[in-house]
Amino acid sequence: MNNARDIGDVLLKVEDISLSFGGVQALTDVTFEVRAREVLGIIGPNGAGKSSMLNVINGFYHPDKGRITYKGTTRTKMRPHEAARQGIARTFQNIALFKGMSTLDNIMTGRNTMMHRNFLWQALYLGPARTEELEHRRAVERIIDFLEIEAIRKTPVGRLPYGLQKRVELGRALAAEPELLLLDEPMAGMNLEEKEDMCRFILDVNDEFGTTIALIEHDMAVVMDICDRVVVLDYGRKIADGSPDAVRTNQDVIDAYLGVSHD
Amino acid sequence: MDLMNILFIAPFLDMADAPVFLAEVVISGVLTGVMYSLVALGFVLIFKASGVFNFAQGAMVLFAALTLVGLMERGVPVWLALIGTAAVMVALAFVIERVMLRPLINQEGIILFMATIGLDFLLQGVGQIAWGSNVKVLNVGIPNKSFEVGGILLNEFDLFAALIAAVLVGVLAVFFQKTAIGRALRAVADDHQAALAVGIPLTTIWVIVWSVAGIVALVAGIMWGAKSGVQFSLSLIALKSLPVLILGGFTSIPGAIIGGLIIGVGEKIAEIYWGPAFGGAIEGWFAYMLALVFLLFRPQGLFGERIIERV
């Protein structure tokens, strides 16, 4: 537990978010907030709308209804590159890395929003653009050290094993120096050792950089261990919101996971 | 036995008999190859950065050349006409992004390909309506004298074309591999969704890459136009660059160059030494046969990205 960190004000608030695909209601009136520097877990059975929620937050999906308030600005929808520029970075459930590019280049793309030199300078790779590139390169090397992936710096990520790809994807998200980090099942498909590593990285990121993290995870032991607060979704509705201990004993949550007997 | 002789022995004896002539054939092949490469380069750029196979690249070459000639015929000085044409190609990139690519975002590659076929017809039509369809002479002042080195006849124009192609390729290679924009371009080509998530604005990237392809088309248009006149058939040289792409790989800039050279040299040699055995005129189809062989044995081309599938 990291109770030592001080949880700050509300960084992101989603209110009454509803989203449907044709006739399927993915989210219904979901409201919750994410506070600065906390680790928020979003859990729920398969199809509960967890990934849809992340997609709404970073603008891949535009909700039918509701408001998103991020850093004091309220809007009805986000746009992906806007979200990225405002400090929201994410990883995906099915890794979305640039498979043909090296680990280093993948992580460098994460710094894309921070490159300011104009196109001509960059095209010529001269002067300020070159200095800037080197600065970014140093930042990326720090991330590579931090995630302990020095050995695979030049390897095309398509060739890496699954667990390492997940780590590179985390690195790319970190490269943007995000304020809010969205992790969609960062530990899915990992073995115990890889999970422990990933937990350590997530907690370190939160600790060292004060990054706010919202993560979706199915492994309850992990969620209970690393999250300060947990939001539970079921069939697109929020059914619980509170500390891991409170959520664990919540009857609605138990019913959602285990089913209700009808006799 | 006679057939074996004609196909496998006589051509090599001919080559050995007249080495200077062979060298001339090879050099003329290399220089034609460079011209193919220039067109293929435009294809590779767009394919690399947006995964779109741009059928209209040939039409863009024609359109650029027509615009340039059209401006010059109206008395615009060469340098101004060049800048003007470049501006038109960039404006064209903006329009293509806004009208064609943006509504088709996230569609299958084949749908975008169909759209570029439409673009092909449109550009050919508009270009000829605007500037006329008669054959025009393009003279931008590239020297065109022949001279001899060690008994081999060379042409200044061809050397100039080779030099331009080399410079263009060098600049593009550095641009793609070393700069942040180049990296963003490769990222977009790899995965649209992930590119959006790291904050790369797709639309800007598309405008950039279509602009660059437009400029490359202009360079190709100048070279081909100056060599063989600006006319409708310019857009057909795009077809010759298909086998170049198959040889070189659709995603490789060096591949486009080497593919072009192999096709250029290959078809010249085939025409001169094996042509008589087939009754001549094999220059027209030799490239396609070579491409077919490559498709059978090495579908990703010489330098294309290896197709790795995890299961």
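Residues numbered from 1 in each chain as written. Chains lettered and ligands numbered in written order. Predicted model: local features only at pLDDT ≥ 70, side-chain atom pairs only at ≥ 80, totals over all residues. Heavy atoms only, no water.

A. Molecular detail of the pairing of strand 2 (residues 152–155) of chain B. Residue and element names in this part refer to chain B. Pairing geometry for strand 1 (residues 146–149) and strand 2, over four bridges, is antiparallel. Residue Val 149 lies in a different strand from strand 2, and its bridge partner there is Ile 152. The antiparallel pairing of strand 1 with strand 2 creates a hairpin that spans two residues between the two strands, and Gly 150 there sits at a positive phi of about 55°. (Pairing = 2+ DSSP bridges. Helix = DSSP H or I, 4+ residues; strand = E, 2+ residues; numbered from the N terminus.)

B. Representation of the packing of aromatic side chains. Residues and elements named next belong to chain A. With the rule as written, the count across this model stands at 12 aromatic pairs over all chains. For the ring pair Phe 21 and Tyr 61, a centre distance of 5.1 Å and an interplane angle of 75° mean the geometry is edge-to-face. Note that Phe 21 is positioned in strand 1 (residues 10–21) and Tyr 61 in the loop between helix 1 (50–57) and strand 4 (65–70), a separation of 40 residues in sequence. With relative accessibility at 39%, the residue Phe 21 sits in the partly exposed group. Residue classification places Tyr 61 among the partly exposed positions, given a relative accessible area of 28%. Between Phe 146 and Phe 201, the ring centres sit 6.2 Å apart and the planes meet at 50°, which makes this aromatic pair tilted. One end of the pair, Phe 146, is in helix 5 (residues 127–146); the other, Phe 201, is in helix 7 (residues 192–209), with 55 residues separating them in the sequence. (Phe/Tyr/Trp six-rings, centres within 6.5 Å; stacked < 30°, edge-to-face > 60°. Buried < 20%, exposed > 50% of the residue type's maximum accessible area, 1.4 Å probe, protein only.)

C. Looking closely at the environment of Gln 57 of chain B. Residue and element names in this part refer to chain B. As for its placement among the helices and strands, Gln 57 is situated in helix 3 (residues 57–73). On the basis of relative accessibility, which here comes to 0%, the residue Gln 57 falls in the buried class. As for Gln 57 and Phe 121, which are separated by 64 residues in sequence, their C-alpha atoms are 11 Å apart. If we ignore the near neighbours within four places in the chain, the residues touching Gln 57 are Val 39, Gly 42, Phe 43, Ile 46, Ala 213 and Ala 217. (Contact = heavy atoms within 4.5 Å.)

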